[in-house]
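The primary structure of each chain is shown beneath.
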Amino acid sequence: MVDYDVIIIGAGPAGAVSSAYLNNKGNSVLVIEKQIFPRFVIGESLLPHCMDHLEESGLLDAVKKAGFKKKKGAIFNSENKKCEFSFSEQYSKEWEWTWQVERAKFDQVLAQEVQNQGVEIKFNTSVKNVSCSSTIQEVEYEDEGGDIKTLKAKFVIDASGYGRVLPRLFKLSEPSDIEARGSVFTHVLENSRQEKGEENIIVHSFENNKAWIWIIPFPGGRTSVGLVGEEDLIKDYAENNGEKFKKLISTFEWLNERFVDVPLLFDPKMILGYSVGVKQMHGEGYALCGNSTEFLDPIFSSGVTLATFTGLKAAKLAHQQINGDTVNWQRDYEDVIKKGIDVFRSYVKAWYNGDFGKILFAKSIEPQFKNQICSVLAGYVWDQSNPFVKKHKTIIPVLAKVISIKEKAGKN
Ligand SMILES: Cc1cc2nc3c(=O)[nH]c(=O)nc-3n(C[C@H](O)[C@H](O)[C@H](O)COP(=O)(O)OP(=O)(O)OC[C@H]3O[C@@H](n4cnc5c(N)ncnc54)[C@H](O)[C@@H]3O)c2cc1C
């Protein structure tokens, strides 16, 4: 009756984790991937929580062997203020480090390992149409030679990232409640950078949090630099091959001339309109994961971790369903995912309205609070024992207000 137990659309981190888990559990899995790997995609700074998902899906050892640069924390700068988080000082006491990865290589390592474990991946093959029902799902795709073919599966997982295949086909996309922003970014070669085995992501905010720059180091002096801001600002900085962006990073005083005269490894790329929501994350015979669900904003580097979390969860529930269990997708999938996304949503909003900055750059902050916030920044946004998770909507504005009042009164 069917060709595969599960067909997965997309071989990014969400698709890789999903397919590895399902294959390990004895399901027949096909991944259909539009592009040929290695391919560029943005999203280079991981969070410690994704290590749990890579481990559980049997992919961690392959990534460990690939020699990525370790990331042990994050540094936030604004004007002359600095706040550094070390993942070893966190409340949730789970993974204390992760990696910064060139995604072309990272995603290829994952896809290669998934294939080594026995998953079939059709590259250079694009899903064109999907019809779903309670029993059989039909996936129509264009193969490498341009022929249109159809395959049947018991379940479909949409891990198509920015392609958002099922949200497009089933009209599931919704506008985001996060203001539309964009980004312009490139990779540079810093010949004089002192190579360390580990380095943190650096985030510089400016123009009252309206814009910020990321710096993400990779091995061999390669560094990712990007600017995020409102769409008009980004279009302006990206015009004429990113001329204004190049000037910004080479003259920006807080970068201490770090990027003066460094060669760009590719012309700056621009991405706009990435914040998007979704009406539902599942339906008869399918589930969405990764960026096919909701994507908020890059500020807290949450995208890949949400992709691996949702990829793993979708795979677990699909496995149960295929084995005859009744699965409550709303309660056990969508509601759980939304809980984590909503935590990040509060922090993203607090970043742009300035409340989070008031806490980060306060003259002093309770070490216990800092550790609890650090666990959110490490991706442990489902740990309800952490007050900075559980009370995410109120705790940041209240704490920001208390800090403001104390600082005005000169008490801190
Ligand atoms: C400016 C910016 C900076 C970011 N920085 C970070 C960061 O530092 N850290 C972080 O974790 N996240 C970051 N992100 C988010 C990150 O890019 C995504 O969340 C992440 O890549 C999602 O993974 P995924 O597996 O869902 O999708 P993807 O990685 O996009 O993979 C989806 C795959 O599906 C394939 N596909 C698409 N359409 C089809 C089709 N029709 N048929 C078959 N295959 C298809 C694509 O070719 C692709 O390979 C950033 C995002 C932006 C916009």
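Scroll up for the structure.
Rules used throughout
Residues numbered from 1 in each chain as written. Predicted model: local features only at pLDDT ≥ 70, side-chain atom pairs only at ≥ 80, totals over all residues. Helix = DSSP H or I, 4+ residues; strand = E, 2+ residues; numbered from the N terminus. Rg over C-alpha atoms; globule rule 2.2 N^0.38 Å. Contact = placed C-beta atoms within 7 Å. Buried ≥ 20, exposed ≤ 12 C-beta atoms within 10 Å, placed from the backbone. Core = buried A, V, L, I, M, F, W, Y, C linked by C-beta atoms within 7 Å. Near = placed C-beta within 6 Å. Nonpolar A, V, L, I, M, F, W, Y, C, P; charged D, E, K, R; others polar. Domains from an automatic or database assignment.

With that settled, consider the overall build of the chain. Assigned secondary structure in the chain consists of 12 helices and 19 strands. Computed over the C-alpha atoms, the radius of gyration of the chain is 21 Å, within 12% of the 22 Å expected from 2.2 N^0.38 for a compact globule of 412 residues. Oriented by its inertia axes, the alpha-carbon framework of the chain measures out at about 70 × 45 × 40 Å. In the chain, once contacts between residues fewer than 6 apart in sequence are set aside, the share between residues at least 24 apart is 73%.

Quick look at helix H2 (residues 49–56) now. Where H2 is concerned, the buried positions are His49, Cys50, Met51, His53 and Leu54. In this structure, the buried side of H2 is in contact with helix H1 (13–24), helix H3 (60–64), strand E6 (98–100) and helix H7 (303–322). Two residues or fewer past H2, Gly58 is found with a positive phi of approximately 80°.

To continue, consider the nonpolar core. Counting 116 residues, the largest nonpolar core has Val6, Ile7, Ile157, Ala287, Ala318, Tyr347 and Val376 as the members making the most contacts within it. In terms of residues, this core owes the most to one element, helix H8 (residues 329–353), which gives 10 residues. Leave out the neighbours within four places in its chain, and Ala318 touches Val6, Leu22, Phe155, Ile157 and Ala287.

This paragraph deals with the site of the ligand. Around the ligand there are 38 residues in total, and Gly12, Gly161, Gly163, Gly290 and Gly303 lie nearest to it. Looking at the shell around the ligand, the elements with two or more residues in it are H1, strand E8 (126–131) and H7. Element by element, the count of residues in the shell around the ligand is highest for H7, at 4 residues. Here the residues of the shell around the ligand sort into 18 nonpolar, 17 polar and 3 charged. Each of domain 1 (4–69 + 97–176 + 275–342) and domain 2 (181–272) accounts for three or more of the residues forming the shell around the ligand.

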